[in-house]
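Structural overview for review
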Amino acid sequence: MHYTKPYASHTALRANIRQQYLADETRTVETLLNAFTSSVNDDLEIQKTAVELIQAMRQNEQTSGLMDQFLQEFSLSSQEGIILMCLAEALLRIPDAQTADALISDKLGSGDWQAHLGNSDSLLVNASTWGMLLTGKWLTLADGVKRSPYTAFKKMLTKSGTPSIRLALRQAMKIMGHQFVLAENIKTAVKKSKPRRDKGFNHSYDMLGEAAKTQADAKEYFNAYLNAITELARQAKTDQPDLNHGISVKLSALHPRYEFAKAAQVEAVLYPRLLLLAQAAYDAQLGFNIDAEEADKLEISLSLFQKLAEDPSLKNWEGLGFVVQAYQKRAMAVIEWLADLAQKEQRRFMLRLVKGAYWDTEIKQAQVQGYTDYPVFTRKPNTDLSYLVCAKTLLTNTDAFYPQFATHNAHTVASIIAYAEQASIAKDSQFEFQCLYGMGESLYTQLVGQGEYRCRIYAPVGEHKQLLAYLVRRLLENGANTSFVHLLADKQLDVESIVANPLDSIRGRTSHRHAAIALPQNLLGSHRQNTLGLNLADSDCLDIYYADLKKWQSHQWCAAPILASNEVSNTAETVSIPAGASHLIGTVQTANAPQIDAALTSAQGFSADWNATGGASRAELLEAVAALYEQHRNELMALCQLEAGKTLVDAVSEYREAVDFLRYYAQQARQLFVAPEQLMGPTGEKNQYQLHGRGVFVCISPWNFPLAIFTGQIAAALVAGNTVLAKPAEQAPLIAWRAVQLFHEAGVPLEALQLLIGGGAEVGGKLTSDRRVHGVVFTGGMDTARLIHQSLADRPNSPLPHLIAETGGLNAMIVDSSALPEQVVQDVVASAFQSAGQRCSALRVLYLQDDIADEIIKMITGAMAELETAEPTLLDTDIGPIIDTAARAALQTHLDEFKS
């Protein structure tokens, strides 16, 4: 058991970065406010400059460009905006006419386009011109009758399967894509950028490729970067990187498993590729920026950057750069660490400061994973404050940094101008502004045109099939209602409101969190608490867990039936891990016939008393169990890894699902098991409706979810007022035994919950055939479910019991050509191979449309090649062991049949 720390040195500054990862937002903002100094006169001067910039922009005829107007009219807060984004994201990649026609008809046919008629002066945005774009000549139709634009537009949509409309829409989407992507290859990009360079703009080129899914992808992206650097080397006019073109590199494009858990593999394989690119950029004296990505990739990005900074072959090069996202709470800590590294290595880094482009993803990820907080600020003014504090820091540390301020916000630009003057920084040589291609040029034309300030255009380069993910991110980022670009395009907004000082909405607040964005643990509101997860991209969290795991690996659990009586169990047998029979983790005693009979008797005798405790009391007990589960989280996860062979990712999910079951059923009990409901009826009658337990329930759980489903079955049956006899899977008795112990520790009576360990025939068969059992909850195979059903039905002279059975199936995925291939591959691999495919929800059959089948099969094959099969306790293991030899034999038989 081990895991590799994804950082080169455990410095105090790097520790500070980790501490700020999920820091409290209010405390972080207060710290930034205390570090920020600004006088009233400074604020007024910044406001004045920002107003002048916007007024000049609005006087410029090109201020509100094609894309700005499009985003203003069809914002992502409207149904039509979402529809058009769906088309933009999908239409270009669909190779077949039938699917494209179906998508066009489905999406465009559902929008309220009439509401947008005449709202814009843009030739593209105006609905009548959309019609002209679609059909070329539609105002005079085939029958010679002229109709209103809306009537004609609807008529076209009814014929949206025609080739002319399909081709026109594809062209429209390409036009949209060209607003953000400079060219399809680097040679054309350099040629197209010449007019802007003649005006004083420089460029940083980004070779489109959001993330490699296979090693073939990574090699293709590497060659694209190297080819771009070679071409840019021909254009270099000086030995100063800040005066030459530059290139931005996404590390996730250079390795298909660019993630925290794969740190050792990534550094071994990716770093040599990265070093070759950096050395080529060094030889040409180009700017070479490591681009920013999601928050959980920051640590490994810093580690790779540190290795580049320390590499002797790159000494004295001032073109090495890093990108810092101000919306991350640790932005200042990252800058402090980079400044420390620059001082240590006696060099100067380029540093591009951005606000961030993955906000929605970061918020969602933190919620889904149950983090303690968010890695990003939830309020945009907080991000703006962070950006300004970072900007001031960079401008006062120009020995360590060549600052590159990427922003389209006039107030931010005005602030940087003021800070540079205060720091006596040469505005024409010691820093630069940056903007995205297709956006913000009208703002910077005013500053660059007179030769006063430098500006570099971030210019994506790539083919249409590669621009999809980039295009969607740009639409999401700049179509948001809070975006400066979006606000600027709204002519109804006055200039002063657009350039309001973000600090005005920060100062004086008691809480700096967004009121509508609860902490991940409070995501479910007052109903119940979301279970905290384990951040697997935080080395501090992993240090604690693996220290505990080391202790539990040498621990011996001694499981036995847990009964209300004192019946003696069978002889103990040893329990070993699935990954290696020689590693013993405990012993287990199975239940015998007298124990089963005694358990049934005590459960039946206590059922009325347990039912009488009431739903609220039982709900409190479940919540107490949930709290104990959380206290013993590491032990329960370690058991899942050791006894059930689960990877760390699966162990976290298993534990969280178990706790969720406990809190969910407690919540349900408070709603359902309340005071009797009085029903209407004839005079003199009193009719009431109330839920009660049925009696004794047998819960038979599977080995593939030995904690979650085991806990869920018991929790539901108990809280409904039933006494429970729990029979866990033969392969996971230790997990069940420890879980039942925690139920009892929380206060659940022994008579209400008893554990009977043993085989299906020996224990399960006896339980389900006994007339004292009022219901069975079963999760497992269909054959076993039928046997249980038959056993319950064959009991003579007894009430008909309830059977709740969840059985396995044959899950299929159907993929047509509108699907994003990268997303398909990601979901296929996750569904088919997570938990080693040993779950009823695992993908078994994949149906692919012929037009895309070869490409996707190739990608899936490449992605599968990157999966690591190893001991499940290792951090970088993707696929753990098959549960036992019998399961392995069944799989081998299946495989042999297919091979034959």
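Presented here is an overview of the structure given in this document.

Each value, and the rule that gives it
- Going along each chain's sequence as written, the residues are numbered from 1 onward.
- For a predicted model such as this one, the threshold for reporting local features is a pLDDT of at least 70, and the threshold for listing and counting side-chain atom pairs is 80 or more; totals across whole chains, interfaces and linings nevertheless cover every residue.
- Hydrogens and water are ignored here; the side-chain numbers use all heavy atoms of the structure.
- Each residue gets one of three labels from its accessible area relative to the maximum for its type: buried under 20%, exposed over 50%, partly exposed in between, using a 1.4 Å probe on protein chains only.
- Secondary structure counts use DSSP, requiring at least four H or I residues in a row for a helix and at least two E residues in a row for a strand, with both numbered from the N terminus.
- Note on definitions: a residue-residue contact is assigned when non-hydrogen atoms from the two residues lie within 4.5 Å.
- Planes of paired rings set the category: under 30 degrees apart is stacked, over 60 is edge-to-face and the rest tilted, where pairs are Phe, Tyr or Trp rings (Trp by its six-membered ring) whose centres lie within 6.5 Å.
- Two strands pair if DSSP finds at least two bridges between them.
- Fitting a line to C-alpha atoms yields each axis, with helices limited to the stretch in contact; the angle taken between N-to-C directions then spans 0 to 180 degrees.
- The span expected for a helix works out to 1.5 Å for each residue beyond the first.
- Angles below 35 degrees are treated as roughly parallel, those above 145 as roughly antiparallel, those between 65 and 115 as roughly perpendicular, and all remaining angles as oblique.
- Should the near helix be turned anticlockwise from the far one by less than a right angle, the crossing is left-handed, and should it be turned clockwise, the crossing is right-handed.

Judged by how many residues are buried, helix α18 (residues 441-448) sits mostly within the fold: six of eight residues are covered. For α18, the set of buried residues is E441, S442, L443, Y444, L447 and V448.

A word on the side chain of E635. Tracing the backbone shows E635 in helix α25 (residues 633-644). Filtering out sequence-adjacent residues up to four positions away, E635 remains in contact with W552, W557 and R738.

Glancing now at the packing of aromatic side chains. Applying the stated rule across the entire model yields 16 aromatic pairs. On the basis of an interplanar angle of 50 degrees and a centroid distance of 6.5 Å, the ring pair of F405 and F433 is categorised as tilted. Remark: F433 occurs in strand β7 (residues 432-436) and F405 occurs in strand β6 (residues 401-406); sequence separation between them is 28 residues. Taking relative accessible area as the criterion, F433 reaches 0% and is therefore assigned buried. Plain terms: the ring middles of Y664 and Y665 are 5.2 Å apart, the flat faces sit at 65 degrees to each other, and that makes the pair edge-to-face.

Once that is clear, we can look at the sheet that holds strand β11 (residues 580-588). Paired through their backbone hydrogen bonds, the strands of a sheet run either parallel or antiparallel. Pairing within the open sheet is mixed, and its three strands lie in the order β9-β11-β10. Each edge of the open sheet is held by one strand with a lone partner, namely β9 (557-559) and β10 (573-577). Ignoring which end each strand starts from, the neighbouring axes of this sheet average 50 degrees apart. When β9 meets β11, the two strands line up parallel, connected through three bridges. Among the inter-strand pairings, W557 is bridged to a residue of β11, identified as G586. Each of β9, β10 and β11 touches helix α28 (residues 733-745); the most contacted strand, β9, lies at about 85 degrees to it.

Moving on: helix α11 (residues 215-235). An ideal rise of 1.5 Å per residue puts 30 Å on 21 residues; α11 measures up with 30 Å between its terminal C-alpha atoms. Taken together, the buried positions of α11 are occupied by D217, A218, Y221, F222, Y225, A228, I229, E231 and L232. Buried residues along α11 sit against α10 (186-198), β1 (201-207), β2 (246-249), α12 (263-284) and β3 (287-290).

Relative orientation of the contacting elements helix α31 (residues 821-833) and helix α32 (residues 850-865) amounts to 50 degrees, with a least axis distance of 10 Å. By the angle between their axes, α31 is oblique relative to α32. Viewed along their axes, α31 and α32 form a crossing whose handedness is right-handed. Between α31 and α32, the contacting residues are P821, E822, V824, V825, V828, V829 and F833 on the first element and E855, I856, M859, I860, A863 and M864 on the second.

Such coordinate-based values are descriptive only and should not be taken to indicate function.
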